[in-house]
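One letter stands for each residue in the lines below.
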Amino acid sequence: MIQAVMVMSTQGKPRLLKFYSFQPPEKHQDLVRGVFQLLSARPDSVSNFIEADAIFGPGVKLVYKHLATLYFVFVFDSSENELAMLDLVQVFVETLDKCFKNVCELDVVFNFNKLHTILDEMILGGQVIETSSEQIMRSVEEIARLEKQSNTTSLIPKSISERFSR
């Protein structure tokens, strides 16, 4: 099971936090700090897989990808395949690139709702439900279209609104 997804800056500022196993809100900052300390101390030439027993408990691993000024981190337990999780990180980043045309930290900061939508299309309750970047983008575009449509729909029938506008 996936326990958490984190996107954080290279300065350690969390840009996206999504926990799929309960973690008390007071503990979130400690978890982010612990993960950042692990990641920032690692050279670029080592593996992207880390045993995170000290931070999240026994049997927990994390896989990360460092791109530009962001770390994309997936925290998972032993029931998940490490390479599948690395591929899932890649799908997430590819989908963000398609959505924002070369994603950067500002895209993450100012479009956090879209990030959550993309993540919700990929993962539900800690289980992977979609791995196709194209399918995820179609779903996100459909959601955006429906949101736009619902914002333009008037709840007042046209005949009533015309009567009062005269």
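Remember, predicted model here, so these are calculated numbers, not experimental data. (Residues numbered from 1 in each chain as written. Predicted model: local features only at pLDDT ≥ 70, side-chain atom pairs only at ≥ 80, totals over all residues. Heavy atoms only, no water.)

1. Focus on helix α1 (residues 25-40)
Look at α1: 23 Å from first C-alpha to last across 16 residues, which is about the 22 Å you get at 1.5 Å a residue. Listing the buried residues of α1 in full gives Leu31, Val32, Gly34, Val35, Phe36 and Leu39. For α1, the secondary structure elements touched by its buried residues are β1 (2-9), β2 (14-19), β3 (49-51), α2 (53-56), β4 (61-67) and β5 (70-76). (Helix = DSSP H or I, 4+ residues; strand = E, 2+ residues; numbered from the N terminus. Expected span 1.5 Å × (residues − 1). Buried < 20%, exposed > 50% of the residue type's maximum accessible area, 1.4 Å probe, protein only. Contact = heavy atoms within 4.5 Å.)

2. A look at the nonpolar core
By size, the foremost hydrophobic cluster in this structure holds 29 residues, and its most contacted members are Phe92 and Ile123. Take this core: its biggest share by element is 9 residues, from helix α3 (residues 82-100). Excluding residues within four positions of it along the chain, Phe92 makes contact with Val7, Leu16, Phe72, Phe74, Leu115, Ile118, Leu119 and Met122. Core analysis: the next-biggest nonpolar cluster, separate from the first, contains 19 residues, Ala52, Tyr64, Val73 and Val75 among them. (Core = buried A, V, L, I, M, F, W, Y, C linked by side-chain atoms within 4.5 Å.)

3. Considerations on the pairing of β4
Both β3 and β4 contribute to a ladder of 3 bridges, which runs antiparallel. Bridge pairing in β4 links Ile50 to Leu62. Across 7 bridges, the pairing between β4 and β5 is antiparallel. Each bridged residue has a counterpart across the sheet, and for Val63 the counterpart in β5 is Phe74. The loop that links β4 with its antiparallel partner β5 comprises 2 residues; one of these, Ala68, has a positive phi angle of about 55°. (Pairing = 2+ DSSP bridges.)

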